[in-house]
Structures are given as structure tokens and as C-alpha cells.
Amino acid sequence: DKATGEVRWKSEGVEKAWTTPTLITLPNGSSELVVNQKFAILGFDPKTGKQRWSCDGIEDYVVPCVVEHDGLLYCSGGRSNKTFVIRPGGRGDVTDSHLVWEVSRGANVTSPIVVDDHVFWSHDKSIALCLRASDGEEMFRERMPTRSRVYGSIVSDGTKLFLTTRDAGVLVLAVQPQYTELAINKLGSESERFNSTPAIVGDRLLLRSDRCLYCIGTDGS
């Protein structure tokens, strides 16, 4: 309870999930809380904590958040990298009835974003990755300008994609299924590291390193 701090409900058995649950709204106006964990993707009633459905998932620990787009759930993770796309709103085991597609692509740590019917990643193995949202077909897979691991997830303002490396700046790509590099913007000192996901607020981009917080604005903002 946010007013008192008392526990309203608790669900046991969530296994190896280092991810934030995703709250979605169904077409009928009701809500579901979706958790991606080892072996299964789970849908809960957010008011009671009762599990409504489950779908077979990634056979490994899970870090990326579930992303909802146009009524579908994009669930990725695992060291071998897999992505499952499922429809919410089911009951019981929905593995056969609600699974739309699955592919051996995705990311172990970073969360994806869906823009203009394509799924984009700032892959933790320093790869820029794009899949077609309708069927998981790979559009591009390109090396980012760093040999270091990447921990910040990709963000977008709708026209550009921002992929933050730890040590080589922010890679800016066009929102399109062809790899189109627009810029690489470097901030901070040589020893500074950027591990967090950027935030877009209005016309400003907020980036945090292990030393400073940066705010990047458009001209005149």
C-alpha cells in the first residue's frame, strides 16, 4: 500500500529475474502485471497478485524488461539470447495459444524498444540490433564503436535512436530498418564510464555517468 507501506499481496516462486515488472492495459480496460523470469513469462492480476497465465520462456536468468507495443509483449533475455512475442490476456498455460513468434536473437542485459514496427536493441555485447516486429526477421546487426560491454538500454525520440556505450560516446542512429549512423557524441573524460540508460524529458536527453549527470538540449531549449 503506497499510503502505509503495508504489504497488499505477495507472490512466491519468481526465479532468477533481475527485471522490473511491466504493467499493461488490456483492450477491455483491465490491467495485467507481466513478469519475465527463468523458464516462464507470467501474467498477474495487479490488484490481488493472483496469477492469470503463464507462457514457456527463456531457460536462463532474465534481466531485460518486457516491452508492450500494439497489444503484444516483447520478452527477451538469456545468455544465449532469445526473444518471445506473446499476446496478453490469456488464462492458464498460453504457450500454444498466445505465442506469436520466437527467435534466437535478443540481449542478455539491455531492454529493447519498438519504434515504427521494428524492435531495436543496444545489445550488451556492443551490437546494434534490429528485428522486424511482425515476425522477428533480422534487419541489421552491426558492431557498435566500442569493445566494452554495453549496459545502458536503447532510447528513442521517435526519429532517432540513442545507444549509449560505456566509454566511446552515444551512438545516434536513424529510426529505420537499415543501419544508418547519424553521429557519435562523446561526453566526459577518458576514464568516465556510462552504465545507465538515458532518459528523454521533453526536448532534453539526460545521461548519467559514474561521475556526472549531463543534460543535452536542442538549440534554444
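Our structure's up above, just so we're on the same page.
Owing to the predicted nature of the structure, the values given are computational and were not obtained by experimental measurement.

> Even after reading the chapter, I still don't get the sheet that holds strand β19 (residues 204-208), so can you show me in this structure?
The strands that make up a sheet pair up through hydrogen bonds in the backbone, lying either parallel or antiparallel. In space, the 3 strands of this open sheet follow the order β18-β19-β20, with antiparallel pairing throughout. In this open sheet, the two edge strands, each paired with only one partner strand, are β18 (199-201) and β20 (213-217). Across the sheet, the mean angle separating the axes of adjacent strands is 25° when strand polarity is ignored. Note: β18 against β19, 3 bridges, orientation antiparallel. Across the sheet, Ile-200 pairs through a bridge with Leu-205, a residue of β19.

> Please clarify how the pairing of strand β4 (residues 51-56) should be interpreted in this entry.
Two faces make up the sheet, and in a regular strand the side chains alternate between them. Across 5 bridges, strand β3 (residues 40-44) lies against β4 in antiparallel orientation. In the sheet register, Ala-40 faces β4, and the bridge partner there is Asp-56. The turn linking β3 back onto β4 is made up of 6 residues, and Gly-49 within it adopts a positive phi angle of 80°. Alignment of β4 against strand β8 (residues 92-93), held across 2 bridges, turns out to be parallel. Its bridge partner being in β8, Ser-54 is matched across the sheet by Asp-93.

> Can you help me understand the pattern of salt bridges in this one?
According to the stated counting rule, one finds 8 salt bridges in the structure shown. Here Asp-45 ties to Arg-52 by a salt bridge, and the two come within 3.4 Å at their closest N and O atoms. An identical accessibility class is assigned to Asp-45 and Arg-52; each is buried. Overlapping salt bridges bring together Glu-32, Asp-45 and Arg-52 as one network.

> Sorry if this is basic, but what is going on with the side chain of Asn-108 here?
Position of Asn-108 among the secondary structure elements: in the loop between β9 (99-103) and β10 (113-115). A distance of 3.0 Å separates polar atoms of two side chains, one belonging to Asn-108 and the other to Tyr-61. When residues no more than four places from it in sequence are discounted, the contact partners of Asn-108 are Tyr-61, Val-63, Pro-64, Gly-77, Gly-78, Arg-79, Asn-81, Asp-124 and Arg-149.

> Whenever I open this one, the packing of aromatic side chains confuses me. Can you help?
Each aromatic ring pair is summarised here by two numbers: the centre-to-centre distance and the angle between the ring planes. All chains considered together, the criterion is met by 6 aromatic pairs. Measuring from ring centre to ring centre gives 6.3 Å for Phe-120 and Phe-140, while their planes differ by 45°; the resulting arrangement is tilted. With Phe-120 in strand β11 (residues 118-123) and Phe-140 in strand β13 (residues 138-143), the pair connects residues that are 20 residues apart, well separated along the chain. Of the two residues, Phe-120 and Phe-140, neither departs from the other in class, the shared state being buried. Their ring planes at 35° and their centres at 5.9 Å tell us that Phe-194 and Tyr-214 sit as a pair that is tilted. One end of the pair, Phe-194, is in the loop between β17 (181-185) and β18; the other, Tyr-214, is in strand β20, with 20 residues separating them in the sequence. Each of the two residues, Phe-194 as well as Tyr-214, counts as buried. Through a chain of ring-to-ring contacts, three or more aromatic side chains come together here, namely Phe-120, Phe-140 and Tyr-179.

Reading guide: rules and limits
- Residues numbered from 1 in each chain as written.
- Predicted model: local features only at pLDDT ≥ 70, side-chain atom pairs only at ≥ 80, totals over all residues.
- Heavy atoms only, no water.
- Pairing = 2+ DSSP bridges.
- Helix = DSSP H or I, 4+ residues; strand = E, 2+ residues; numbered from the N terminus.
- Axes fitted to C-alpha atoms, helices over the stretch in contact; angles between N-to-C directions.
- Salt bridge = Lys/Arg side-chain N within 4 Å of Asp/Glu carboxyl O.
- Buried < 20%, exposed > 50% of the residue type's maximum accessible area, 1.4 Å probe, protein only.
- Polar contact = N/O pair within 3.5 Å; in protein donor to acceptor, adjacent residues only side chain to side chain.
- Contact = heavy atoms within 4.5 Å.
- Phe/Tyr/Trp six-rings, centres within 6.5 Å; stacked < 30°, edge-to-face > 60°.

Honestly, that's just the spatial picture; any functional story needs more than this.
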